[in-house]
Structure formats: structure tokens, C-alpha cells
Amino acid sequence: NAGVTQTPKFQVLKTGQSMTLQCAQDMNHEYMSWYRQDPGMGLRLIHYSVGAGITDQGEVPNGYNVSRSTTEDFPLRLLSAAPSQTSVYFCASSIQADTEAFFGQGTRLTVV
Amino acid sequence: KNQVEQSPQSLIILEGKNCTLQCNYTVSPFSNLRWYKQDTGRGPVSLTIMTFSENTKSNGRYTATLDADTKQSSLHITASQLSDSASYICVVQRGTGGFKTIFGAGTRLFVKA
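Just so it is clear, the structure is predicted and the values come from calculations on it, not from any experiment.

Undergrad: What is the right way to look at the state of the cysteines in this model?
TA: When the sulfur atoms of two cysteines share a covalent bond, that bond is a disulfide. The full count for this structure, using the stated rule, is two disulfides over all chains. Disulfide pairing is shown between A:Cys23 and A:Cys91; the S-S distance is 1.8 Å. Negative torsions about the S-S bond denote left-handed disulfides, and the value of about -70° found for A:Cys23 with A:Cys91 makes this one left-handed. Separated by 68 residues along the polypeptide, A:Cys23 in strand E3 (residues 19-25) and A:Cys91 in strand E9 (residues 87-94) bring together distant segments of the chain. Of the residues examined, A:Cys23 reaches a relative accessible area of 2% and is grouped as buried. On the basis of relative accessibility, which here comes to 0%, the residue A:Cys91 falls in the buried class. With a sulfur-sulfur separation of 2.0 Å, B:Cys23 is cross-linked through a disulfide to B:Cys90. Taking the torsion about the sulfur-sulfur bond, which here is approximately -70°, the covalent link between B:Cys23 and B:Cys90 counts as left-handed. Placement of the pair is B:Cys23 in strand E3 (residues 19-25) and B:Cys90 in strand E9 (residues 86-94), with a sequence separation of 67 residues. Judged by relative accessible area, B:Cys23 falls into the buried class, the value being 0%. Unpaired in this structure, B:Cys19 has its nearest cysteine sulfur neighbour in B:Cys90, at a distance of 15 Å.

Here is the structure:
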């Protein structure tokens, strides 16, 4: 019963470094998405995917890339980290866009 | 503008008491409204999902109501427990072109013994 697994749980990056946040789900869900959560604000959508091979931009996509080569995996890549990307990142999956979403435990990222 | 506003921002109640959290939205066209519980340091967990035709949905001690005419929802927690201490997030989906999802900022609930 793994559900949605995110790695790492914590990460500190220096400005300009790149890294990939991993997300995997074992529920055979077609829809996957990445959000960032900042203090005092609602979660904001970064990128989403409606199925393998298909990705699209959300509300705040700048500075991030995604790919969806398999149904299970949806990694989020930070191209050149900036302090403004300090946040908690959540990956979520669901059968479809309008069905119940299951979230991972989150990755707390600090960019110094 | 599509917005979801929650009140209060935070709330402190004694264990065993009831409470009600509010959610007002301006999202249109409406598809569905969800309530999530988020424990500190964890991801959100779904409590309820309601569509336009549903005005009440329960999940144990949690009861959500929806008034689609006034664009208001509430989450009522009965006989609170210490484990109810968490953030409660109201989420509304638009029902057009990709089901855009708008998250409220959440209500932080503290249940004290």
C-alpha cells in the first residue's frame, strides 16, 4: 500500500544548482500533478500530466520541467535553483483530473 | 477571478467540542468541492468530495455541506479529538477545459486537552 512516494523528504540546494524531485505511484493512476505549498497560501499547480507521454503547465511552471515516460513516475526537475523556489513540494495522483487525489508526503526544499 | 476563501485562519477548541469551518468560493463554472485534512509535515488527505447535486456528505465525525447557490461550504467536526489538530483545506475545481483546481489557504485547527 505504498500509494504516492516522494523522494527526497528534505533537500538543501545552492542557488544555481539543479536537481530532480522523484514521484512514483503504484495505483495505476493516469493523472499526476506537482504542487508547491508556501506559508499562508493555497497549494499552487506547477505541472500536470493526464497520462504517459503527456504533460502540461499549471499555474506556476517557470523554472521547472517535468516528464512522464511511464504511468508510474512523474519527476520534477529544477533547472537552476533560486531562493524563490524554497517551498514544500507535493506530488499527487488520481484516476482522472476530477476524482479523488492522493498526495505524497512532500519534499521540503531550501535554496540558499 | 476564481478564488477560494476560508475562515477562520486558525481556531483553538477544547477536546470533545464541535466546530465548523467555512469556505466561500467564486469559482465558475463549478465542478466539485473537496475538503482535505493536512497533518503537520504530511500531505493532504481527502475527507469529502461533493458535486453540484450534493449538499451534504459525511466521513465519520466530519460532515461537509455545500450550498452551490450561495457558493458556500462548511466542514463540521463533531466531538473533536486531539488527532483532529491539523490544517483543513477547501478545494474547488472548475468544470471546464482541464478541471482547473483552486486551493484555499486552509484553516489551522488546534484541539487542546
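Read on for the rest.
Undergrad: I'm lost on the interface of chain B and chain A in this one. Help?
TA: How big an interface is tends to be stated in terms of the accessible area lost upon association of its parts. The interface is formed by 16 residues belonging to chain B together with 15 residues belonging to chain A. Where chain B abuts chain A, roughly 1,300 Å² becomes buried across the two surfaces, and 52% of that area is made up of carbon and sulfur atoms. Our count for the chain B to chain A interface comes out at zero salt bridges. Our count for the chain B to chain A interface comes out at five residue pairs in polar contact (both at pLDDT 80 or more). Breaking the side of chain B that touches chain A down by element, the ones donating at least two residues are strand E4 (30-38), strand E5 (45-51) and E9 of chain B. Top element by residues in the side of chain B that touches chain A is E4(B). It accounts for four residues.

Here is what the cut-offs are and how they apply
- Residues numbered from 1 in each chain as written.
- Chains lettered and ligands numbered in written order.
- Predicted model: local features only at pLDDT ≥ 70, side-chain atom pairs only at ≥ 80, totals over all residues.
- Heavy atoms only, no water.
- Disulfide = S-S within 2.5 Å.
- Helix = DSSP H or I, 4+ residues; strand = E, 2+ residues; numbered from the N terminus.
- Buried < 20%, exposed > 50% of the residue type's maximum accessible area, 1.4 Å probe, protein only.
- Contact = heavy atoms within 4.5 Å.
- Buried area = accessible area lost by both parts, 1.4 Å probe.
- Salt bridge = Lys/Arg side-chain N within 4 Å of Asp/Glu carboxyl O.
- Polar contact = N/O pair within 3.5 Å; in protein donor to acceptor, adjacent residues only side chain to side chain.

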